Amino acid sequence: MVASLGNLGPGLVPGPVAMHAPDGFLSPAVAAFMWVVSLVLIGVAVRRTNETFDERAIPLMGVTAAFVFAAQMFNFQVVGGTSGHLLGGVLAAVLLGPWAGTLVMAAVIAVQGLVFQDGGLVVMGANVFNMGIVGTMGGYAVYRGLGAVLRGDGRGQLVAAGIAAWLSVVGGAAAMAVQLGISGTTDLAVALAAMVGIHVLIGIGEALVTTAAIAFVRAARPDLLNLRHGGVAAARATAARAA
Amino acid sequence: MDANRAPTPDVTHSPAPTTGRRGPLGRWWWIAGLAVAVVVAVLAASFASGDPDGLDSVAIQQGFEKAGTEPGFRVLPDYTIPGLDGTASTIVAGVVGIALVFAFVLVLGRLVARRRKERAA
């Protein structure tokens, strides 16, 4: 991605810009509703993580969160003076499963809002849903569904992850547009067309980075992708050999 | 350790009960992972596009960007360290953010795991 980033416009200071919805974009009712939706789904994620996630894989959660945070700082040029950045929901879910993945995305978005003033606190429920849960739950379901159709454990799964990642960005943008429309901030149909239109392109970046990151993990530590299927002992053996 | 846990569909596939506290990631691997995140943050501080992103761009185009309100507090606003200028400011803010997010998620993970232990006991 870095190679295509040299075309900064004149006078533009390189560096991250505020990228998540600020407070005021959504009506209080819509913002509150999205908080409830996200809290309920986070509650489900906590319970399911509690039941299924091996606690010895917690450092992998931390590293995934750190990478998603850093990658979200990296706005890449898309077209016509517009940039985009990775969301990372599908990547987190493929590495950690949808439940721990959801907790990681919520944690990243919470820190961004609380510490970096990126994304409002009132609309944080909406940001967690649109940029996190749409990918970790919706995108992951698409990944598993497509993966089952494509079979195998090689390229087919990478293609499935790439398509799921692209869809998660387009889906998250559509969700944001619907929330903006219902809030009366702007016209729903116009917002939907504009948000989906630009995120169809931004999603290509999401698909490329997600696929590349999973391909890297698959090449370097394929055992990590099987953690949720009882591969902890094998993974520890690999780590011990490498150390 | 696995044998003492409440049986779950995923854990029951474990090849053998394992002991010890070492995680599957391994110390050097997670240090490498954090190093990759720091490199990405440095690249972001140096090369990231300053153009509005998808949502901001739509907001400007449709004239509702003014609806957004500034937060009533500032800690490290827009990935900068107050008093530090330019790329260095964003790099330091990025490293602080990586450390914060990593630590926060470790604590979160431990809290979730502890509840499981208590229930199993």
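*Asks:* Whenever I open this one, the confidence of the model for chain A confuses me. Can you help?
*Replies:* One rule of thumb: low pLDDT means the predicted coordinates there are not for detailed reading. Residue and element names in this part refer to chain A. In the predicted model, chain A carries a mean pLDDT of 87, and the fraction of residues at 70 or more is 85%. Mean pLDDT in chain A bottoms out at helix α8 (residues 232–242), which sits at 58, and peaks at helix α4 (residues 98–116), which reaches 97. Taken as a whole, residues 1–18 scores under 50 in pLDDT and shows 43 contacts with residues more than four places along the chain or in a different chain.

*Asks:* Sorry if this is basic, but what is going on with the side chain of H199 of chain A here?
*Replies:* With respect to the helices and strands, the residue H199 of chain A is situated in helix α7 (residues 188–220). Those residues in contact with H199 of chain A that lie beyond four places of it in its chain are V169, V170 and A173 of chain A together with G54 and L55 of chain B.

*Asks:* Please clarify how α4 of chain A should be interpreted in this entry.
*Replies:* Working note: α-helix, 3.6 residues per turn, so residues spaced by three or four point in the same direction. Between its first and last C-alpha atoms α4 of chain A spans 26 Å; for 19 residues at 1.5 Å apiece the expected length is 27 Å, and the two agree. Along α4 of chain A, 17 of the 19 residues are buried, which leaves the element largely enclosed by surrounding structure.

*Asks:* Would you take a moment to explain unusual backbone geometry for this structure?
*Replies:* Backbone phi values are negative for most residues with the exception of glycine, while trans is the configuration of most peptide bonds. All names here are of chain A. For Q117, which is not glycine, the phi torsion reads 50° and is therefore positive. Mapping Q117 onto the fold places it in the loop between α4 and α5 (124–150). Residue class for Q117 comes out buried when judged on its relative accessible area of 9%.

*Asks:* What should I look at first to understand the pairing of strand β1 (residues 76–79) of chain A in this one?
*Replies:* Residue and element names in this part refer to chain A. In this structure, β1 lies alongside strand β2 (residues 82–84), joined through 3 bridges in antiparallel fashion. Within the sheet, the bridge partner assigned to Q77 lies in β2 and is S83. In sequence, β1 turns back onto β2 through a hairpin of 2 residues, with G80 there showing a positive phi of about 55°.

The rules behind these values
- Residues numbered from 1 in each chain as written.
- Chains lettered and ligands numbered in written order.
- Predicted model: local features only at pLDDT ≥ 70, side-chain atom pairs only at ≥ 80, totals over all residues.
- Heavy atoms only, no water.
- pLDDT = per-residue confidence, 0-100.
- Helix = DSSP H or I, 4+ residues; strand = E, 2+ residues; numbered from the N terminus.
- Contact = heavy atoms within 4.5 Å.
- Expected span 1.5 Å × (residues − 1).
- Buried < 20%, exposed > 50% of the residue type's maximum accessible area, 1.4 Å probe, protein only.
- Pairing = 2+ DSSP bridges.

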